Amino acid sequence: MPDEADLGNDQAEKALAASLKAQLGRAGLVYKGRCYYCDTPTPQGQNFCDVDCRDDFERLEWARKMGPV
Ligand SMILES: [Zn+2]
């Protein structure tokens, strides 16, 4: 029954997208296994390899939000 399988996948994808979106909204970043700034592999649940990378990344994000001066 291909129709039911398709429906199931669609629902699962929607649920995944929703939870991903909620995660993004709450924390701003989703764990991807690598430092968001320098791309070094990071331990589970860590978005940056150290605080310097986090600070630099936040500075970049802030500058991006401000837009070109
Ligand atoms: Zn880093």
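Preceding this paragraph is the structure being described.
An account of the accompanying structure is given in this report. (Residues numbered from 1 in each chain as written. Predicted model: local features only at pLDDT ≥ 70, side-chain atom pairs only at ≥ 80, totals over all residues. Heavy atoms only, no water.)

**Looking at the pattern of salt bridges**
Part 1: Evaluated as defined, the whole model comprises 4 salt bridges.
Part 2: With a closest N to O distance of 3.2 Å, Asp-56 and Arg-59 form a salt bridge. Placement of both Asp-56 and Arg-59 in helix H2 (residues 51-66) is noted, with a separation of 3 residues, approximately one turn of the helix.
Part 3: The class for Asp-56 is partly exposed, based on a relative accessible area of 28%.
Part 4: Among the ionic pairs, Glu-61 bridges to Arg-64, the shortest N-O distance being 2.7 Å. (Salt bridge = Lys/Arg side-chain N within 4 Å of Asp/Glu carboxyl O. Helix = DSSP H or I, 4+ residues; strand = E, 2+ residues; numbered from the N terminus. Buried < 20%, exposed > 50% of the residue type's maximum accessible area, 1.4 Å probe, protein only.)

**What about the coordination of the zinc ion?**
Part 1: Protein coordination at the zinc ion comes from Cys-35 (SG), Cys-38 (SG), Cys-49 (SG) and Cys-53 (SG), with a distance range of 2.3 Å.
Part 2: Considering all 4 donor atoms around the zinc ion, the spread of angles at the metal, 103 to 118°, places the coordination shape in the tetrahedral class.
Part 3: Written as a sequence motif, the donor arrangement for the zinc ion is C-x2-C-x10-C-x3-C. Taken together, the residues span a long stretch of sequence, with Cys-35 in the loop between helix H1 (2-27) and H2 and Cys-49 in the loop between H1 and H2 at a distance of 14 residues. (Donors = N, O, S within 2.8 Å, 3.2 Å for Na, K, Ca; no water. Tetrahedral: all angles 85-135°; square planar, octahedral: opposite > 155°, others 65-115°.)

**Points about the side chain of Asn-47**
Part 1: One can find Asn-47 in the loop between H1 and H2.
Part 2: On the basis of relative accessibility, which here comes to 17%, the residue Asn-47 falls in the buried class.
Part 3: At 3.4 Å, the side chain of Asn-47 forms a polar contact with the backbone nitrogen of Tyr-31.
Part 4: Excluding residues within four positions of it along the chain, Asn-47 makes contact with Leu-29, Val-30, Tyr-31, Lys-32, Arg-34, Cys-35 and Tyr-36. (Polar contact = N/O pair within 3.5 Å; in protein donor to acceptor, adjacent residues only side chain to side chain. Contact = heavy atoms within 4.5 Å.)

**Some thoughts on the side chain of Thr-42**
Part 1: If you trace the backbone, Thr-42 turns up in the loop between H1 and H2.
Part 2: On the accessibility criterion, Thr-42 (9% relative accessible area) is buried.
Part 3: Engagement of the side chain of Thr-42 in a polar contact is seen with the backbone oxygen of Gln-46, the distance being 2.7 Å.
Part 4: With near-sequence residues (within four places) excluded, Thr-42 lies in contact with Tyr-31, Gly-33, Arg-34, Cys-35, Phe-48 and Cys-49.

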